[in-house]
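Here is how the chains run, residue by residue.
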Amino acid sequence: MGALELRQVRHRYDGRLVLDLPSFAVPDGGKVAIVGHNGSGKSTLLRLLALLERPTEGQVLLDGVVANVQSRRRVTLVEQRPVMLPGTVRDNLAYGLAARGSRGTEVTRAVGATAERHGLSPLLDRGRHELSEGEIQRVAVARALALKPDVLLLDEPTSSADRAAAQSLFSALQSELDERRMTVCLASHQLEDAYRWADDIRALAEGRLSPVTPENLFRVDVPPGPGDVTKRVRVGPLEIAVMTERSGPAILAVPAEDVLVSSTPVVSSARNVFTGKLTRITQHRGAVHVTADMGIELVAAVTPEAVRELGLAPGATVVFAFKAAAVRVF
Amino acid sequence: MDFLADGIRRALALLFSGDAEVFSTALVSFKVAIFATFFACALGIPTGFALATRRFWGRRVALTVVNTALAFPTVVVGLVIYGLLSRRGPLGGLGWLYTWQGIVVADVVLALPIAAALSAAAVQGVDPRVRRTALTLGASSWRANLTVAREARFALVAVVTAAFGQVVAEVGAALIVGGNVRHETRTLTTAVALATAQGDFGFALALGFVLLTVALLVNIALQALQGRGDRGRA
């Protein structure tokens, strides 16, 4: 078992609200990804879930029971840019096992097995100054998995990894999941990782859950004015037409499903029409995400048939169009 | 200038002849310094950890008090401890006035803010991820603190050095609380003050040399400790 839940959680630093989550649950055995910009509150959320910080308001529950300090031993967090504790890789792999009361040969055996499994055997006697950032990240993940936690929390686990290292990390996680039940919650600003690996994706923006899919989220400053008039909001070099009563700092979201893709401009009611270069095409469970550089990066979700018929390929010129009413501001 | 040269000659003669008076005074000083440094660090370092790692109501006030206490005038502390330990004082029953234990109490009060403030700064200098990592790997709060202490070991050795320096060089409180009783509470610093007042410059200088030597040896020992830690895997 390892179901985590936040209820009516509001968290503040020096009086500033950084997280506002009326409800947030990670089901037992779930593979949840939290995506969002830097500063959106992902790391804070993971620290609350890891029971390393107590929320200013609200509760954290583990398997339906209000979590306490003892519950911390069932949840392990691998931080973004993890640190090595004093000592060698061997000492680090042994740290949590010893803290949990394992002794002597039991620890030695577990450390050996973990090192073998994660390809860390050649590094066992190295100190932290003899490791690269990527190696430290691998050690940190192995150090957490050695404890066989019920819940594993990973904060930007591929931030210092190249594609091969990221692939190897996800393979290691998957092989662990094939052997035993474990809840995994991963925070990332890389949507590709989230889509490829998680079975549930939540978007976080300014400490709140986004009501729409996580692509095309931007921090903006909305000009004042009534909600029934189209406003033009600056996002990088673009001006995006929106219909909103809000003004001031906000998050602007363009649902990828609402973006119409064409190879040439078409006459339509869409108030937002941008032309740019297609940068990549990625598969996401049936849908295809087409990413284009319009001065900012925009993503459109289309069908595989549309990609074929339009002859979409990286480098091609594409036109994205979407209605002002489709743009969400929150 | 002659009196200075005479003083140095007399000092060397006293030191190399193994003068009983000099060594008795040095022994009292060393005993007081060791005990006071131990108790000041035993209380001050955990206080510094709490101030650095825990968020509690009144923490800022506590930090301000500790930092203000760094500048406590030693004679004022001596007077307060004198009042507490005197026969009519609340701690008079201990019978510690004019004893080396009384000087230890005064020195602990003076060195404790140094140990607390400097160790708080040392712990605050450790990457907060170290403590979080220890906790998320299942360490108890105590074990996590030990891990942080290991990370801050060089700075913590400096804390002990600073506390020892305060205690071994202290004169005002030791004079008031200890009374400068020969072979009992006469420390190197109070003996230097007395000998200088009596015009025995050579004896005062000899004691000064011993004081410097003690301070030097302790610092060499602590630096050797740091060096050994440095050679190990960090």
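Residues numbered from 1 in each chain as written. Chains lettered and ligands numbered in written order. Predicted model: local features only at pLDDT ≥ 70, side-chain atom pairs only at ≥ 80, totals over all residues. Heavy atoms only, no water.

Caption draft 1: Geometry of the overall build of chain B. Looking only at helices and strands, chain B has 11 helices and 0 strands in total. In chain B, the succession of α and β elements from N to C terminus is α-α-α-α-α-α-α-α-α-α-α. The dimensions of chain B, computed from C-alpha atoms along their principal axes, are 65 × 50 × 30 Å. A burial count over chain B gives 44% of its 234 residues as buried. Residue pairs in contact within chain B that sit at least 24 positions apart in sequence constitute 74% of those at least 6 positions apart. Carbon and sulfur atoms make up 68% of the accessible area of chain B, which totals about 12,000 Å². The distance from the centre of the 20 positive side-chain charges to the centre of the 11 negative ones in chain B is 17 Å. (Helix = DSSP H or I, 4+ residues; strand = E, 2+ residues; numbered from the N terminus. Buried < 20%, exposed > 50% of the residue type's maximum accessible area, 1.4 Å probe, protein only. Contact = heavy atoms within 4.5 Å. Areas by Shrake-Rupley, 256 points an atom, 1.4 Å probe, with all protein chains shown as cover. Lys, Arg positive; Asp, Glu negative; His and termini not counted. Charge placed at Lys NZ, Arg CZ, Asp CG, Glu CD.)

Caption draft 2: Main features of unusual backbone geometry. Unusually for a residue other than glycine, Asp14 of chain A sits at a positive phi of about 50°. Note on placement: Asp14 of chain A falls in the loop between strand 1 (4–13) and strand 2 (16–26). Classification of Asp14 of chain A as exposed rests on a relative accessible area of 80%. Of note in this structure, Asn180 of chain B is not a glycine but carries a positive phi near 60°.

Caption draft 3: Main features of the sheet that holds strand 11 (residues 217–222) of chain A. Residue and element names in this part refer to chain A. Spatial strand order, 11-14-20: 3 strands in an open sheet with antiparallel pairing. This sheet does not close on itself; its edge strands, each paired only once, are strand 11 and strand 20 (328–329). Pairing of strand 11 with strand 14 (residues 248–253), which is carried by 6 bridges, proceeds in the antiparallel orientation. Bridge pairing in strand 14 links Asp221 to Pro249. (Pairing = 2+ DSSP bridges.)

Caption draft 4: How the structure looks around helix 3 (residues 104–117) of chain A. Residues and elements named next belong to chain A. Helix length check: helix 3 (14 residues) gives 20 Å between terminal C-alpha atoms against 20 Å at 1.5 Å per residue, within 8%. Residues of helix 3 that are buried: Val107, Val111, Thr114 and Ala115. Projected down its long axis, helix 3 carries its buried residues within an arc of 100°, all on one side. More than 90 degrees from the buried face of helix 3, the exposed residues found are Thr105, Arg109 and Glu116. Packing partners of the buried residues in helix 3 comprise helix 2 (89–99) and helix 4 (133–145). Just beyond helix 3, the residue with positive phi is Gly119, at close to 65°. (Expected span 1.5 Å × (residues − 1). Arc of directions from axis to C-beta.)

Caption draft 5: Spotlight on the domain arrangement of chain A. All names here are of chain A. Considered domain by domain, chain A is made up of domain 1 (4–209) and domain 2 (213–330). Once you take the C-alpha centre of each, domain 1 and domain 2 turn out to be 33 Å apart. Taken together, the contact pairs 15 residues of domain 1 with 13 residues of domain 2. The junction of domain 1 with domain 2 conceals about 1,200 Å² of combined surface from both sides, 56% of it contributed by carbon and sulfur atoms. At the boundary of domain 1 with domain 2, the tally comes to 1 salt bridge. Note that Arg219 is salt-bridged to Glu206, the shortest N-O span being 2.5 Å. Linking domain 1 with domain 2 are 3 residue pairs in polar contact (both at pLDDT 80 or more), by the criterion used here. When contributions to the side of domain 1 that touches domain 2 are tallied by element, the ones reaching two or more residues are helix 6 (191–197) and strand 9 (200–205). Of the residues contributing to the side of domain 1 that touches domain 2, the split by class is 7 nonpolar, 4 polar and 4 charged. (Domains from an automatic or database assignment. Buried area = accessible area lost by both parts, 1.4 Å probe. Salt bridge = Lys/Arg side-chain N within 4 Å of Asp/Glu carboxyl O. Polar contact = N/O pair within 3.5 Å; in protein donor to acceptor, adjacent residues only side chain to side chain. Nonpolar A, V, L, I, M, F, W, Y, C, P; charged D, E, K, R; others polar.)

Caption draft 6: Examining the pairing of strand 1 of chain A more closely. All names here are of chain A. Summarising the sheet, strand 1 and strand 4 (residues 57–62) pair through 5 bridges and their orientation is antiparallel. Across the sheet, the residue bridging to Glu5 is Leu61, located in strand 4. If you look at the hairpin formed by strand 1 and strand 2, you'll find 2 residues sitting between the two strands, and Asp14 has a positive phi there, around 50°.

Caption draft 7: Region of interest: the interface of chain B and chain A. Taken residue by residue, the interface counts 18 residues in chain B and 30 residues in chain A. Both sides of the chain B and chain A interface together cover about 2,200 Å² of buried area, and 51% of this is carbon and sulfur. Between chain B and chain A we count 2 salt bridges in total. Two residues, Glu79 of chain A and Arg132 of chain B, come together in a salt bridge whose shortest N-O distance is 2.8 Å. For the pair chain B and chain A, the interface holds 7 residue pairs in polar contact (both at pLDDT 80 or more). Only helix 6 (128–136) and helix 7 (141–151) of chain B provide two or more residues apiece to the side of chain B that touches chain A. Considering each element in turn, the side of chain B that touches chain A owes the most residues, 7 residues, to helix 6 of chain B. Considering only residue class, the side of chain B that touches chain A consists of 7 nonpolar, 4 polar and 7 charged.

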